[in-house]
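# Structural features, examined
Listed below are the residues making up each chain.
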Amino acid sequence: MSKFIIEGGNRLHGELSITGSKNAVLPILAATVLNRGTSTINNCPNLEDVKTMQEILTSLGLKVERKGQSITVCGDTIKTNEIPERLAGKMRSSIVLMGSVLGRVGEIFISYPGGCAIGPRPIDMHLSSLRKMGAEIDDLYKGILHCKVNRFSGTEILLDYPSVGATENIMLAACLAKEETIIRNAAKEPEIVDLQNFLQKTGVEINGAGTGIIRIKGRSEIKADVTYKVIPDRIVAGTYMTCVAGAGGELVLRDVDYEAVSSTAYYLRNCGVDIKLIGEKDLLVKSDKNLKAIEVVRTTPYPGFPTDMQPQFVAVLAKAAGASVVIETVFENRYGYVEQLMRMGADITVRERVAVVKGVKRLTGAHMEACDLRGGAALVVAALSAEGTSVINNIIHIDRGYDRLEEKLSSVGAKIIRV
Ligand code: EPZ
């Protein structure tokens, strides 16, 4: 099992390019199932979850080829409707294949999805929405779902909560449905807009993504040869911003969607980090490590402060002068990493969804375990700013969302190796 060894205390200098978004490319790859033509997706990050999605598509009988950052999916035939349990269980995004595979072939066998252990993560909104569109869904033995539909029927769906995955699943199911589907209280994340933009390229009449109401007019068939470039990863960009904040230095981040990272930039500025947009897509991030606490930050759906940045931000607050309050409103159990940060000397008290972070003067290197993707990234952020050497085990979690993180950070002056 691989681990990172990090010698803290080195300032970061130079520039990094931001790779394509994991949480955008996964539903877009799931959407290629709907297209009988050839979809070429550019700017695909090289990540474990993306490899898993490629394997799932291949197992369905689609022709999938990766060349560098580009993945081509040829969707003329689908040979099976069973998603292998070992693959579906590896990541959360496998669930959105329900909408696309069911829409395309009318039947699917799929197990409950995997993904980070950050709370119960139910799929009730996915199931009730697809049922409302006409799917029959049975829970077979051992958690395998068997779903059938003749053809989805467009309808109006009001989500109880703007769930990202449920919004994507409905969008995908609606593409080949009879008539129009309207999603109200839809998620507004940039990844939803990216999925809409891809679907529009394939000829689907869909609009409203980025607002709370999305309308999709179903078609009888989708057959188009399309090329599409995935948006940059706002969480990867945000994570590098927190790395500089904690370790100090000056970094230019290339190819950033500023709007998508602006809530992270807002709170980091409040802590004393200097963040400037230079040109259209480059961000200059400067920190002298003299950080101050913030009164309170709450994670909320987009455009609020993202739950996927909460752990990395807490790692920064761990050394900010004063006490900060962090409230996690999206997931029930996203503080698993805090115990590990405390091994470095952080002073953090967690009670249910609230963390009180009292900034300490120094963190010291420690042996730690990454327990989920963003929690693992938080340990890297803290270790870069700590005195001495840290060892982070179980970095398979970090590899799910960051492409060769150690190479990128080494190139800007961090002392980090993979063993
Ligand atoms: C997506 O997860 C992302 N994953 C997550 O990123 C991200 O944290 C999350 O959206 C919120 O932004 C992918 O895109 C692959 P949700 P998703 O459905 O779709 C509850 C990362 O680190 N809920 O918006 O699973 C749910 O339990 C990952 O990259 C239900 O109750 O998130 C949670 O409390 C982690 N029933 C809340 O809604 C449902 O049917 C938000 O979940 C669905 C969700």
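On a predicted model such as this, the values are computed, not experimentally measured, just so you know. (Residues numbered from 1 in each chain as written. Predicted model: local features only at pLDDT ≥ 70, side-chain atom pairs only at ≥ 80, totals over all residues. Heavy atoms only, no water.)

## What to know about helix α7 (residues 190-201)
How we decide: Counting from the N terminus, the helices are DSSP H or I runs at least four residues long and the strands are E runs at least two residues long. By this rule, a helix spans an expected 1.5 Å times one less than how many residues it contains. For the exposure calls, accessible area comes from a 1.4 Å probe over protein chains only, and a residue counts as buried if that area is under 20% of its type's maximum, exposed if over 50%, partly exposed in between.
For α7, which comprises 12 residues, the first-to-last C-alpha distance of 17 Å matches the rise-based estimate of 16 Å (1.5 Å per residue) to within 8%. For α7, the full list of buried residues reads Pro190, Glu191, Ile192, Asp194, Leu195, Gln196, Phe198 and Leu199. Phi turns positive, to about 105°, at glycine 203, one or two residues after α7.

## Observations concerning the domain arrangement of the chain
The condition that has to hold: An automatic or database domain assignment supplies the start and end points of every domain. Contacts are assigned to residue pairs that have any heavy atoms within 4.5 Å of one another. The salt bridge criterion pairs a side-chain nitrogen of Lys or Arg with a carboxyl oxygen of Asp or Glu, the two atoms within 4 Å. Pairs of N or O atoms are called polar contacts if they sit within 3.5 Å, as long as, within protein, a hydrogen donor faces a hydrogen acceptor (for residues adjacent in sequence, only side-chain-to-side-chain pairs). Put simply, Ala, Val, Leu, Ile, Met, Phe, Trp, Tyr, Cys and Pro go in the nonpolar bin, Asp, Glu, Lys and Arg in the charged bin, and everything else, Gly too, in the polar bin.
Along its sequence, the chain is carved into domain 1 (3-19 + 232-418) and domain 2 (22-229). In this structure, domain 1 and domain 2 have C-alpha centres spaced 30 Å apart. Tallying the contact residues gives 21 residues for domain 1 and 23 residues for domain 2. In this structure, the connection of domain 1 to domain 2 is made through two salt bridges. Among the ionic pairs, glutamate 191 bridges to arginine 234, the shortest N-O distance being 2.8 Å. If you look at where domain 1 meets domain 2, you find four residue pairs in polar contact (both at pLDDT 80 or more). Looking at the side of domain 1 that touches domain 2, its residues break down into seven nonpolar, three polar and 11 charged.

## Details of the state of the cysteines
Heads up, the rule is: The disulfide criterion is simple: two cysteine sulfur atoms within 2.5 Å.
Scanning the model with the defined rule gives zero disulfides in all. Just so you know, cysteine 44 is unpaired, no disulfide at all, and the nearest cysteine sulfur is the one on cysteine 74, 16 Å from it.

## A look at the site of the ligand
As a reminder of what qualifies: What makes a residue near a molecule or strand is one non-hydrogen atom of that residue sitting within 4 Å of it. Using a 1.4 Å probe, accessible areas were evaluated by the Shrake-Rupley method; residue-level cover was limited to the displayed protein chains.
In the vicinity of the ligand, 22 residues are found, and the nearest of them are Asp124, Met125, Ser163, Asp308 and Val330. Between asparagine 23 and the ligand, the recorded distance is 3.1 Å, taken from a side-chain N or O atom to an oxygen atom. Contact between the ligand and valine 164: an oxygen atom at 2.8 Å from a main-chain N or O atom of the residue. The protein chains hide 89% of the 830 Å² of surface that the ligand would expose on its own. Element by element, the count of residues in the shell around the ligand is highest for helix α5 (residues 124-132), at three residues. Residues belonging to the shell around the ligand are distributed by class as follows: nine nonpolar, six polar and seven charged. Looking at which domains feed residues into the shell around the ligand, each of domain 1 (3-19 + 232-418) and domain 2 (22-229) supplies at least three.

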